[in-house]
Amino acid sequence: VKVYFAGSIRAGRDDAPTYARLVAHLRTRSEVLTEHVATPADGDAGDSDIWEQDMAWLREADAVVAEVTVPSLGVGYELGMAEALGIPVLCLFRTGAAVTLSAMVGGNPRFEVARYADVAEACSRIDGFLDAVDG
Ligand code: 6K6
């Protein structure tokens, strides 16, 4: 299964360590097309190159897993595109954060939205989601 992992980049990197742990778990059972979301930027591709590459990966993806706790325009855009392309989407939102999830994500019946307390719980939701995609 090819997974497009989405998480905040310019909207803030506070959760990057969590993205790294989620990507490490995803890699145990799938191909992650977007590992850079979990790592520091090396070099700076131009914005149009970033958009071109990310849209190509999104079209190639069998599933999208998004960490949505830090609200990001880019992630929101990717979620809308994934829905339009008919790609299954899992949104992971950490409970106890000082933000409220957008109704446009939390209220979308086509997204699986998982509220999680810790990374272990997020990983078990990932497993259930990928089992359904895989089967
Ligand atoms: C920075 C860190 C690692 O790579 C970079 C270079 N910038 C980007 N590279 C690849 N994808 C990007 C980059 N900036 C945004 N994106 C895409 O938008 C990712 O797929 C993220 O899921 C999403 C984040 O959007 P913003 O609005 O928070 O930047």
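For clarity, every value in this text was computed on a predicted model and none was experimentally measured.

## Observations concerning the overall build of the chain
Right, so step 1: Within the chain, the regular secondary structure consists of five helices and five strands.
Right, so step 2: From first element to last, N terminus to C terminus, the chain shows the α and β order β-α-β-α-β-α-β-α-β-α.
Right, so step 3: The C-alpha atoms of the chain give 14 Å as radius of gyration, which agrees with the globular expectation for 135 residues (14 Å, within 12%).
Right, so step 4: Counting only C-alpha atoms and orienting by the principal axes, one finds that the chain spans roughly 35 × 35 × 30 Å.
Right, so step 5: When each of the 135 residues of the chain is scored for burial, the buried share is 41%.
Right, so step 6: Excluding contacts between residues fewer than 6 apart, the proportion of contacts in the chain whose partners are at least 24 apart in sequence is 67%.
Right, so step 7: Surface exposure of the chain reaches about 7,100 Å², of which carbon and sulfur atoms provide 53%.
Right, so step 8: Once the 11 positive and 21 negative side-chain charges of the chain are each reduced to a mean point, those two points are 4 Å apart.

## Thoughts on the sheet that holds strand E2 (residues 31-32)
Right, so step 1: One open sheet holds the five strands; their spatial order is E2-E1-E3-E4-E5, and the pairing between them is parallel. Edge positions in the sheet fall to E2 and strand E5 (111-116), since each has one partner strand and no second.
Right, so step 2: As judged from the four bridges shared by strand E3 (residues 63-67) and strand E4 (residues 89-94), these two strands associate in the parallel manner. Paired with Ala66 across the two strands is Cys91, which belongs to E4.

## Observations regarding helix H3 (residues 73-85)
Right, so step 1: Look at H3: 18 Å from first C-alpha to last across 13 residues, which is about the 18 Å you get at 1.5 Å a residue.
Right, so step 2: Among the residues of H3, those classed as buried are Val75, Glu78, Leu79 and Ala82. The buried residues of H3 occupy an angular sector of 105° when projected down its axis, which confines them to one face. Exposed and facing more than 90 degrees away from the buried side of H3 are Leu73 and Ala84.

## Concerning the environment of Asp62
Right, so step 1: Following the sequence through the fold, Asp62 ends up in the loop between helix H2 (47-60) and E3.
Right, so step 2: In this structure the C-alpha to C-alpha distance between Asp62 and Lys2, which are 60 residues apart in sequence, comes to 5.3 Å.
Right, so step 3: Within the local environment of Asp62, its side chain forms a polar contact with the backbone nitrogen of Lys2, the two atoms lying 2.7 Å apart.

## A look at the site of the ligand
Right, so step 1: Contacts to the ligand come from 17 residues, most closely from Ile9, Arg10, Asp54, Ser72 and Glu78.
Right, so step 2: Between Ala11 and the ligand, the recorded distance is 3.3 Å, taken from a backbone N or O atom to an oxygen atom.
Right, so step 3: Burial of the ligand by the protein chains amounts to 85% of its free accessible area of 590 Å².
Right, so step 4: At the level of elements, strand E1 (2-6), H2 and H3 are the ones that each hand at least two residues to the shell around the ligand.
Right, so step 5: For the shell around the ligand, the element with the highest residue contribution is H3, accounting for three residues.
Right, so step 6: Of the residues that constitute the shell around the ligand, the class distribution is eight nonpolar, six polar and three charged.

Rules used throughout
Residues numbered from 1 in each chain as written. Predicted model: local features only at pLDDT ≥ 70, side-chain atom pairs only at ≥ 80, totals over all residues. Heavy atoms only, no water. Helix = DSSP H or I, 4+ residues; strand = E, 2+ residues; numbered from the N terminus. Rg over C-alpha atoms; globule rule 2.2 N^0.38 Å. Buried < 20%, exposed > 50% of the residue type's maximum accessible area, 1.4 Å probe, protein only. Contact = heavy atoms within 4.5 Å. Areas by Shrake-Rupley, 256 points an atom, 1.4 Å probe, with all protein chains shown as cover. Lys, Arg positive; Asp, Glu negative; His and termini not counted. Charge placed at Lys NZ, Arg CZ, Asp CG, Glu CD. Pairing = 2+ DSSP bridges. Expected span 1.5 Å × (residues − 1). Arc of directions from axis to C-beta. Polar contact = N/O pair within 3.5 Å; in protein donor to acceptor, adjacent residues only side chain to side chain. Near = heavy atom within 4 Å. Nonpolar A, V, L, I, M, F, W, Y, C, P; charged D, E, K, R; others polar.

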